[in-house]
Amino acid sequence: MASRAEITVALDVGTHRTAVLVAQRVAGTPRITGVGTAPSRGLRRGAVVNIEATVHSIESAVREAERMADCNIRAVLVALGGSHIRSLDTSGMTPIHRHEVDLEDIDRVHAVARAVAVPEDREVVHVLPQDYVVDGQAGIRDPYGMTGVRLEVRAHVLTAARGAVQNLVRCCNRAGLEASQVVVAPIASAHAVLTPEEREIGAVMVDIGGGTTEIVAVRGGAVRRVSVVGLGGGHVTGDIATGLRTTGTEAERIKLRHGHALAAAVRAGEHIEVNGIGGHEPRMLSRQVLAEIIEPRAEEILSLVRERLEESDLIGALPAGVVLTGGSASLPGLVELGEKVFRLPVRLGEPHRIAGVGDVVSGPMWATAIGLLELAGEESDDFELPDGLPAGVVTRFRNRMGDWLREFF
Ligand SMILES: Nc1ncnc2c1ncn2[C@@H]1O[C@H](COP(=O)(O)OP(=O)(O)OP(=O)(O)O)[C@@H](O)[C@H]1O
Ligand SMILES: [Mg+2]
């Protein structure tokens, strides 16, 4: 059985599905040895609303992954989702003690930026440096070793509802797991799908899941905005169930098999079979009618993303365009619809393939879990856990995550 020290485990508790990946690191390169999934039943718009049901999903997914990897999972990196996640710009300033910036100065200036005032019921989850200023000279990516008397950092702070973080950690604990690190889900997804060029030139990662749509705008190698819209593929399924007067299960099946986000792109005359409710005979339906139900909801979701980007004046600052990921990004026609809504280049973002049992782990629905595994490879100690978690339930996982974020975001 693989020992605990050798493995890294990513846990993505999504609204639609709970996913676990177990990876072993050989010379720094992860290799997936275990995969587990279970339907999620205890979340709404990315946040836990039913502890029992969520613990049950986590336990099922973890057991499956443990069996495949032949290991015992004790600690996990867990993705935090939900429309309660917000982001804001902040800054910090400190004197440079020995007139040459060292790691202590950098730690201190991060601590100042982190001390931003947030309401009682919220907490700071991450501080993502954007750039540094030494004696008024701005635009410095890495101030280490620079001469000066005053160091400033401009950073982006991610905050979350305190209760939502605690509920997620509690579910992990109740499932017998230690949450060694909580990472905001869209940050993990963005890491998995954005290329270095896109991060530099300016692009936005849009992860459309089951209950939420997560947005990360990146430019100049730094995160500029993180936002979560409380709508996702589950709402599309709900519309289909209502529109076709059928069950949620049947609506989901039809969406996955025949769904299209652009009614105009569907050939007229194509028909699909819909199972009736309560013993009613199956009936035939035009596929265009199905697309006419899907399109307005898909357009609404993408338009809300566009609005969030406009609010922060970012829409004109993202020439590399939009990268769609998350399970719902697989919906045919969504890329084309996105090009109409954003008037920017749009592509489908598939996470990198990781060696091992990687065949199962492919496609945009894996972006968050794969991003978590990749982030775990980098060590840091300034990527702190949220404050206010029950003592003893969370250990601080010292890894290079913060350094990575400094480098790429
Ligand atoms: N091929 C497909 N076509 C259309 N939709 C799909 C496809 N595959 C998966 N989906 C949809 O993707 C959604 C699930 O995606 P994902 O696993 O990324 O969500 P999640 O992480 O559980 O939810 P969230 O991130 O919103 O909390 C479901 O609504 C599902 O119907
Ligand atoms: Mg998700």
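I will try to describe carefully the structure that is included in this document. (Residues numbered from 1 in each chain as written. Chains lettered and ligands numbered in written order. Predicted model: local features only at pLDDT ≥ 70, side-chain atom pairs only at ≥ 80, totals over all residues. Heavy atoms only, no water.)

### Description of the packing of helix α8 (residues 287-311) against helix α9 (residues 334-342)
Helix-helix packing: each pair is described by the crossing angle between the helix axes and the interaxial distance.
Now for step 1: At their nearest, the axes of α8 and α9 sit 10 Å apart, and the two run at 45° to each other. When the axis of α8 is compared with that of α9, the two are oblique. You can see that α8 and α9 cross each other, and the crossing is right-handed. Between α8, through Glu-295, Ala-298, Glu-299, Leu-302, Ser-303, Val-305, Arg-306 and Leu-309, and α9, the contact on the second element is made entirely by Leu-334, Leu-337, Gly-338, Lys-340, Val-341 and Phe-342.
Now for step 2: Of the residues belonging to the contact of α8 with α9, the class tally is eight nonpolar, two polar and four charged. (Axes fitted to C-alpha atoms, helices over the stretch in contact; angles between N-to-C directions. Helix = DSSP H or I, 4+ residues; strand = E, 2+ residues; numbered from the N terminus. Parallel < 35°, antiparallel > 145°, perpendicular 65-115°, else oblique. Left-handed = near helix turned anticlockwise from the far one by under 90°. Contact = heavy atoms within 4.5 Å. Nonpolar A, V, L, I, M, F, W, Y, C, P; charged D, E, K, R; others polar.)

### Topic: the site of ligand 1
Now for step 1: The environment of ligand 1 is made up of 19 residues, and the closest members are Thr-15, His-16, Thr-212, Glu-252 and Lys-255.
Now for step 2: Here an oxygen atom of ligand 1 sits 2.8 Å away from a polar atom, N or O, in the main chain of Thr-212.
Now for step 3: Between ligand 1 and Gly-327 there is a distance of 2.9 Å, counted from an oxygen atom to a backbone nitrogen or oxygen.
Now for step 4: Out of a free accessible area of 660 Å², ligand 1 has 90% covered by protein chains.
Now for step 5: Only α6 (233-243) and α7 (248-258) provide two or more residues apiece to the shell around ligand 1.
Now for step 6: For the shell around ligand 1, the leading source of residues is α7, giving three residues. (Near = heavy atom within 4 Å. Polar contact = N/O pair within 3.5 Å; in protein donor to acceptor, adjacent residues only side chain to side chain. Areas by Shrake-Rupley, 256 points an atom, 1.4 Å probe, with all protein chains shown as cover.)

### Some thoughts on helix α10 (residues 367-376)
Now for step 1: With 10 of its 10 residues buried, α10 lies for the most part within the structure.
Now for step 2: Residues of α10 that are buried: Ala-367, Thr-368, Ala-369, Ile-370, Gly-371, Leu-372, Leu-373, Glu-374, Leu-375 and Ala-376. (Buried < 20%, exposed > 50% of the residue type's maximum accessible area, 1.4 Å probe, protein only.)

### Notes on the packing of α6 against α7
Now for step 1: At their nearest, the axes of α6 and α7 sit 8 Å apart, and the two run at 110° to each other. Overall, the two elements α6 and α7 adopt an arrangement that is roughly perpendicular. Considering how the two elements wind past one another, α6 and α7 form a crossing that is right-handed. In this structure, α6 contributes Gly-233, Val-236, Thr-237, Ile-240 and Ala-241 to the contact, and α7 contributes Gly-248, Ala-251, Glu-252 and Lys-255.
Now for step 2: Counted by class, the contact of α6 with α7 contains four nonpolar, three polar and two charged residues.

Any functional reading would require information beyond the geometric quantities listed.
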